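Architecture at a glance
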Amino acid sequence: MESLNCEHASSEQVVKAIHSCGGLLIGSPTLGGHAPTPIVSALGTVLAEGDRSRPVGVFGSFGWSGEAIDLLASKLRDGCFRLAFDPIRIQFSPDPGRLEQLEEQGASLSVARDQPLAGELEVGEAFALNLLALGRETQHLRSFQRPLPLSPGLLDGLDLQESPAGQPLLSDALAWLEARVSKKVACGDHWLLVAEVLAGGVLDADGITAVPQRRSGQPA
Ligand SMILES: Cc1cc2nc3c(=O)[nH]c(=O)nc-3n(C[C@H](O)[C@H](O)[C@H](O)COP(=O)(O)O)c2cc1C
């Protein structure tokens, strides 16, 4: 992770960071109902030079109104950037509780109850989440989308790597997360799993995440 202080960074540094990053967070205090000039200038560079396929996020400190945070978020949304999370608004300074909350990384996912895998993912169990790459997802979706008996040969023939805790990672995935289930909530025919992320990595910095779309009531 690279962080830049927009007040001191040269425009070349800002442009270089925007071109080389996989995701970008921009933050600002609110002064006199506005964002300081160096932030407005950096925002302009993001809008002009940024890659709209990469996720962005907004954060900021404020005293009473926080217009700068709204400005950053609205300009990025209007510029067709995808905000990865709701803007983080901190009144004056974050307290230790809020800092801890911001540092905790989590993931939530839903697993159909008829997937045998759902029975394995109990609270306290670790698992790896492979994020498939657009263009390389079809075969994996075909193999893993249906209810699968968890047989020893399930992963045979796949090109695999291992996560730090020994979970299987698909070598042609875009990225991976290793997580531990912290909550399991029944939601109709699915389980909603809330998990704490323990580790993660990017395997293909140039790829784009595959997002399957439902064409009907059945998964595509
Ligand atoms: C001169 C001045 C003007 C400010 N104007 C605003 C404002 O219009 N709206 C607001 O929500 N906060 C305002 N604030 C509060 C700041 O946003 C807040 O103190 C700041 O985000 C905290 O960050 P810091 O650690 O950089 O001081 C102002 C603060 C100062 C000193």
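Residues numbered from 1 in each chain as written. Predicted model: local features only at pLDDT ≥ 70, side-chain atom pairs only at ≥ 80, totals over all residues.

With that settled, consider the site of the ligand. In the vicinity of the ligand, the contacting residues are Pro-29, Thr-30, Leu-31, Gly-32, Gly-33, Ser-61, Phe-62, Gly-63, Trp-64, Ser-65, Gly-66 and Phe-92. Grouping the constituent residues of the shell around the ligand by class yields 5 nonpolar, 7 polar and no charged. (Near = placed C-beta within 6 Å. Nonpolar A, V, L, I, M, F, W, Y, C, P; charged D, E, K, R; others polar.)

The next thing to look at is the sheet that holds strand β10 (residues 190-202). The sheet built from 4 strands is open, its strands ordered β5-β10-β9-β6 with antiparallel pairing. At either margin of the open sheet sits one strand with a lone partner, and together these are β5 (106-112) and β6 (126-131). With strand direction ignored, the average angle separating the axes of adjacent strands in the sheet is 40°. Note: strand β9 (residues 175-187) against β10, 12 bridges, orientation antiparallel. Bridging from a neighbouring strand, Ala-186 pairs with Trp-191 of β10. (Pairing = 2+ DSSP bridges. Helix = DSSP H or I, 4+ residues; strand = E, 2+ residues; numbered from the N terminus. Axes fitted to C-alpha atoms, helices over the stretch in contact; angles between N-to-C directions.)

Glancing now at the domain arrangement of the chain. Once the domains are mapped, the chain shows domain 1 (11-101) and domain 2 (106-202). The C-alpha-based centres of domain 1 and domain 2 are spaced at 32 Å. (Domains from an automatic or database assignment.)

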